[in-house]
Amino acid sequence: MSKAEKGKRFVYSLETLLKVRKIREKQEQEKFQKAEEKVLEEKRKEAKIKAIQAQAYLELQELMTGTNFPGMNMIQLRKHQLDTLKEEVQKQIEVRENAEKARDAQREKLNQALKERKIIEKDREKTREKWKRIMEKEDMKFLDDIAGIGYSKKMREQKTT
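It should be emphasised that the depicted structure is a prediction, and the values quoted were computed from it without experimental measurement. (Residues numbered from 1 in each chain as written. Predicted model: local features only at pLDDT ≥ 70, side-chain atom pairs only at ≥ 80, totals over all residues. Heavy atoms only, no water.)

Caption draft 1: Highlighting the packing of helix α1 (residues 15–65) against helix α2 (residues 72–160). Interhelical geometry of α1 versus α2 gives an angle of 165 degrees and a closest axis separation of 7 Å. By the angle class used here, α1 and α2 are roughly antiparallel. Here α1 runs over α2; the crossing is left-handed. Split into classes, the residues belonging to the contact of α1 with α2 amount to 24 nonpolar, five polar and 27 charged. (Axes fitted to C-alpha atoms, helices over the stretch in contact; angles between N-to-C directions. Helix = DSSP H or I, 4+ residues; strand = E, 2+ residues; numbered from the N terminus. Parallel < 35°, antiparallel > 145°, perpendicular 65-115°, else oblique. Left-handed = near helix turned anticlockwise from the far one by under 90°. Nonpolar A, V, L, I, M, F, W, Y, C, P; charged D, E, K, R; others polar.)

Caption draft 2: How the structure looks around the packing of aromatic side chains. Counting across every chain of the model gives two aromatic pairs. On the basis of an interplanar angle of 20 degrees and a centroid distance of 6.4 Å, the ring pair of F10 and Y12 is categorised as stacked. Comparing F10 with Y12, the two get one shared label, buried. Three or more aromatic residues joined by ring pairs make a cluster, and in this case those are F10, Y12 and W131. (Phe/Tyr/Trp six-rings, centres within 6.5 Å; stacked < 30°, edge-to-face > 60°. Buried < 20%, exposed > 50% of the residue type's maximum accessible area, 1.4 Å probe, protein only.)

Caption draft 3: Expanded view of a negative patch on the surface. On the surface, E125, E129, E136 and D139 cluster together to form a negatively charged patch. Secondary-structure assignment places E136 in helix α2. (Patch = residues over 30% accessible without salt bridge, like charges linked within 9 Å, V, L, I, M, F, W, Y side chains within 5 Å. Areas by Shrake-Rupley, 256 points an atom, 1.4 Å probe, with all protein chains shown as cover. Salt bridge = Lys/Arg side-chain N within 4 Å of Asp/Glu carboxyl O. Lys, Arg positive; Asp, Glu negative; His and termini not counted. Charge placed at Lys NZ, Arg CZ, Asp CG, Glu CD.)

Caption draft 4: Representation of a nonpolar patch on the surface. There is a patch of nonpolar side chains on the surface, built from M140, F142, L143 and I146 and spanning about 420 Å² of accessible area. Along the chain, the position of F142 falls in helix α2. Using a relative accessible area of 52% as the deciding quantity, one classes F142 as exposed.

Laid out in structure tokens, this is it:
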């Protein structure tokens, strides 16, 4: 993607893009954490409503098995309460499932941001390796020039003697 250029220091031309990708990844990570917290909160609400529902069923069962048989109005009132709790549980299950879907979608976005950052980092490392090879070639040229100058100086000295 980017091209290595010779110079004293390695300069990556896409450094700002890499910074942007890191920032975007961090933002997606934060959004994912919030989505995860939302799912946990909805699960807690669901468990709480289910516990209330179980308690209501238990109370109705105790009422029915007792020696004092309750009146029809009391049974209808309990049935209405249980139906309402059942509806609340269903609604809460839907809310939890929607929160899980949102969390999964956010996880996908986070994975995509992570992939994008890693691609740029790999390109940076490859560009750094290319830069190192270029600099090694330049060093070898420099050393060859010095050796060539030394050799020609020696040859001149031998001719004059």
